[in-house]
Amino acid sequence: GLNARYVERERPTGLVGCVVAHYGSGAGSVRTDAGSLEVRSGGVVLDGRFLPLSRGAADLIEALFLARGRVLSRRELGRELPGGERSGRAVEVAVARLRESLGGVDLVQTVVKRGYRLAVSEP
């Protein structure tokens, strides 16, 4: 399911231009109730402001980001955390820490008896 791109080998800027075009196009962003969200390796960019996250929090937000608003169960999110598959409590604690790291921005919604979802805006 990955999109392939051809890069001309003769041009030294071919690969760089391809990467810049990909990330500059907004391909890695989603509209949320709190604004435009982009996931980075060490955190997220929310409406142009970088918010650093721990590795566990970054893994959780990336899974929620890729789900694009679909509800993920605690079990699904637990696969993203070390030891999370063994304990539903580990997922709850990780989500609480993620919310705290986001500084009160309501990006992660709890869906009672189902799991968690990213607060994506309707198109």
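Each chain has its residues counted from 1, running along the sequence as written. A pLDDT threshold of at least 70 governs which residues receive local features in this predicted model, and a stricter bar of 80 or more applies before side-chain atom pairs are shown or counted, although totals over entire chains, interfaces and linings include all residues. Each side-chain value is worked out from all heavy atoms of the structure, with water and hydrogens disregarded.

### Some remarks on the pattern of salt bridges
Our working rule: Just to be clear on terms, a salt bridge is a Lys or Arg side-chain nitrogen sitting within 4 Å of an Asp or Glu carboxyl oxygen. Numbering of helices and strands starts at the N terminus; helices are DSSP runs of H or I of at least 4 residues and strands are runs of E of at least 2. Burial here depends on accessible area, computed with a 1.4 Å probe over protein chains only, as a share of the maximum for the residue type. Under 20% is buried, over 50% is exposed, and the range in between is partly exposed.
For the structure shown, the criterion picks out five salt bridges. R55 is paired through a salt bridge with D59; the nearest N and O atoms lie 2.6 Å apart. Placement of the pair is R55 and D59 together in helix 2 (residues 55-67), with a separation of four residues, close to one helical turn. Among the residues examined, D59 registers a relative accessible area of 16% and is labelled buried. In this structure, the salt-bridge partner of R70 is E76, at a minimum N-O distance of 3.6 Å. A relative accessible area of 27% places E76 in the partly exposed class. Ionic contacts of the salt-bridge type, sharing partners, join the residues R74, R89 and E92 into one network.

### Quick word on the side chain of R117
Basically, it comes down to this: Think of a polar contact as two N or O atoms within 3.5 Å of one another; within protein, one of them needs to be a possible hydrogen donor and the other a possible acceptor, and neighboring residues in sequence only count if both atoms come from side chains.
Mapped onto the fold, R117 is located in strand 6 (residues 115-118). For R117, a relative accessible area of 17% corresponds to the buried category. A distance of 2.9 Å separates a polar side-chain atom of R117 from the backbone oxygen of G69. Side-chain polar atoms of R117 contact the side chain of Q109, separated by 2.4 Å.

### Things to note about unusual backbone geometry
Even without being glycine, D47 reaches a positive phi, approximately 50 degrees. Relative to the helices and strands, D47 is located in the loop between strand 3 (43-46) and strand 4 (49-52). Backbone geometry places K113, a non-glycine residue, at a positive phi of 65 degrees. Tracing the backbone through its elements, the reader meets K113 in the loop between strand 5 (108-111) and strand 6. Residue classification places K113 among the exposed positions, given a relative accessible area of 82%.

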